[in-house]
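# Tertiary structure, described
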Amino acid sequence: GGSEAALEVEKIVEQPTLDEEESIRSALFRLGDNSQRGGAAGRRITARDSLVGLGVKAVPYLAGALRDDNAFRRMMAADALTRIGQTERRPGVYLE
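Residues numbered from 1 in each chain as written. Predicted model: local features only at pLDDT ≥ 70, side-chain atom pairs only at ≥ 80, totals over all residues. Heavy atoms only, no water.

## A few points about the pattern of salt bridges
- In the structure shown here, the tally under the stated rule is seven salt bridges.
- Among the ionic pairs, R25 bridges to E21, the shortest N-O distance being 2.8 Å. Of this pair, R25 and E21 both sit in helix α2 (residues 18–31), four residues apart, roughly one helical turn.
- Judged by its relative accessible area of 49%, R25 is partly exposed.
- Residue R73 pairs with D68 through a salt bridge whose shortest N-O separation is 3.1 Å.
- Owing to a relative accessible area of 13%, R73 belongs among the buried residues under this scheme.
- Owing to a relative accessible area of 26%, D68 belongs among the partly exposed residues under this scheme.
- Residues participating in the shared-partner salt-bridge network are R48, D49, D79 and R83. (Salt bridge = Lys/Arg side-chain N within 4 Å of Asp/Glu carboxyl O. Helix = DSSP H or I, 4+ residues; strand = E, 2+ residues; numbered from the N terminus. Buried < 20%, exposed > 50% of the residue type's maximum accessible area, 1.4 Å probe, protein only.)

## As for the environment of T87
- Inspection of the secondary structure assignment puts T87 in helix α5 (residues 71–87).
- Owing to a relative accessible area of 55%, T87 belongs among the exposed residues under this scheme.
- Linking T87 and G55, residues 32 residues apart in sequence, is a C-alpha distance of 8.2 Å.

Right, here's the structure in full:
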């Protein structure tokens, strides 16, 4: 199932530092920015790019965000995962 796959990913992905984890959590929050004030799309893109920059360390967090109630967060998490998958070609990261 999905939780078993997530556990497998966590086993093979280098754990983020505390600072990186804080950055990941902050960026995940910003992925869901649905405010009516200007610039929300830009803030979501900046957050996505930050997560992509952290690479596979962000994958378990992004996988969890795919189940979020916020549609923007789900969409941007999926986009970030796709971008990480396109840039990170490391053996053992991909599950069957």
